[in-house]
Amino acid sequence: MIGEILPPGVQYADSRTDLTHEPLHPDEERHIALSVATRRREFTTTRTCARRALSRLGVPSVPILPGPRGAPRWPAGIVGSMTHCVGYRAAAVAHAADALTIGIDAEPNEPLPDGVLEAIASPQEAATVHALGRARTGVCWDRLLFSAKESVYKAWFPLTARFLTFEDATVTWDAPSDARQATTGTFHAELLVEGPWPTGRRLPGRWTVHGGLLCTSVVLPPL
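Residue indices begin from 1 for each chain and proceed along its sequence in written order. Since the coordinates come from a predicted model, pLDDT governs what is reported: local features require at least 70, and pairs of side-chain atoms require 80 or more to be given and counted, while whole-chain, interface and lining totals use all residues. Hydrogens and water molecules were not included; the side-chain quantities draw on all heavy atoms of the structure.

Could you give an account of the pattern of salt bridges, naming the residues involved and the relevant values?
Any carboxyl oxygen of Asp or Glu within 4 Å of a side-chain nitrogen of Lys or Arg constitutes a salt bridge here. Applying the stated rule across the entire model yields 10 salt bridges. The partner of Asp105 in a salt bridge is Lys154, with the nearest N and O atoms 3.6 Å apart. Here the residue Asp105 occupies a position in strand 4 (residues 101-108), and Lys154 occupies one in helix 5 (residues 141-160), the gap between them amounting to 49 residues. With its nearest N and O atoms 2.9 Å apart, the salt bridge here joins Glu125 to Lys149. Residue Glu125 is found in helix 4 (residues 123-135), and its partner Lys149 is found in helix 5; the two are separated by 24 residues along the sequence. Here Glu125 matches Lys149 in class, with each residue buried. By sharing partners, the salt bridges in this structure join Asp18, Arg41 and Arg89 into a single network. Strands here mean DSSP runs of E at least two residues long; helices mean DSSP runs of H or I at least four residues long; both are numbered from the N terminus. Under the scheme applied here, a residue whose accessible area is under 20% of the maximum for its type counts as buried, over 50% as exposed, and between as partly exposed, the area being computed with a 1.4 Å probe on protein chains only.

Here it is, written out as structure tokens:
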């Protein structure tokens, strides 16, 4: 699913089931040893997806440990991102020569809990979400907005090592040819803080909805 919204040069692997039979590296095993079963399943499956994606780049199997704020530590010369939600796990990676940074996110295609939209969206973003919901049923646009901002953050943090709040990025949806039928589309995010990449404060993104899930991606070209 995530592959539908990734550009050439980015490799991925995903799974709708937990791959708990796959072994962890000893360092990963030590990291996750005291975690609850749910966390262990998420951790194991996303690392398995990541190693499968890395193998498609010709990168040997390595431990992938969390760094600051949980961002994965990729091998030298590799950029990537991982995501998990109920019923879906995925990882996407690329050589740094092919992408500056990657952010991916997956969410259930369900409305956000009460009060969350107001916490993550500007008044204009919230109004747009409500308008899109009336024009295109079947897509939970509030959750899609949340996912888009998560992908923006995951692309931002490895380059800056700085926290980015939901208020620091404004998402605009690019109009599809038929909003009533669209299952994929594009968006862009305008940052209210300076970004260290060629597109300045503008980050392009893509989204898709399928099988009860929403996925978003932000992939920036290399410098």
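Lay out helix 5 in plain terms, naming residues and giving numbers.
Taking 1.5 Å of rise per residue, the 20 residues of helix 5 would be expected to cover 28 Å, and the 28 Å separating its terminal C-alpha atoms lies within 8% of that figure. In terms of burial, helix 5 is largely enclosed, as 16 of its 20 residues are buried. Trailing helix 5 by a residue or two, Ala161 shows a phi angle of about 55°, which is positive. Multiply 1.5 Å by the residue count of a helix minus one, and that product is the helix's expected span.

So what about the packing of helix 4 against helix 5? Which residues, and what values?
It is at 9 Å that the axes of helix 4 and helix 5 come closest, and there the two elements cross at 130°. Comparing the axis directions of helix 4 and helix 5 gives the class oblique. Within the contact between the two elements, helix 4 uses Glu125, Val129, Leu132 and Gly133 and helix 5 uses Trp141, Asp142, Leu145 and Lys149. Residues are grouped as follows: Ala, Val, Leu, Ile, Met, Phe, Trp, Tyr, Cys and Pro are nonpolar; Asp, Glu, Lys and Arg are charged; all remaining types, including Gly, are polar. Looking at the contact of helix 4 with helix 5, its residues break down into 4 nonpolar, 1 polar and 3 charged. Every axis in this analysis is a line fitted to C-alpha atoms, fitted for helices over the stretch in contact. Angles between the N-to-C directions lie between 0 and 180 degrees. Oblique is the label for every angle not falling under 35 degrees (roughly parallel), over 145 degrees (roughly antiparallel), or within 65 to 115 degrees (roughly perpendicular). Residue contacts are counted whenever heavy atoms from the two residues lie within 4.5 Å of one another.

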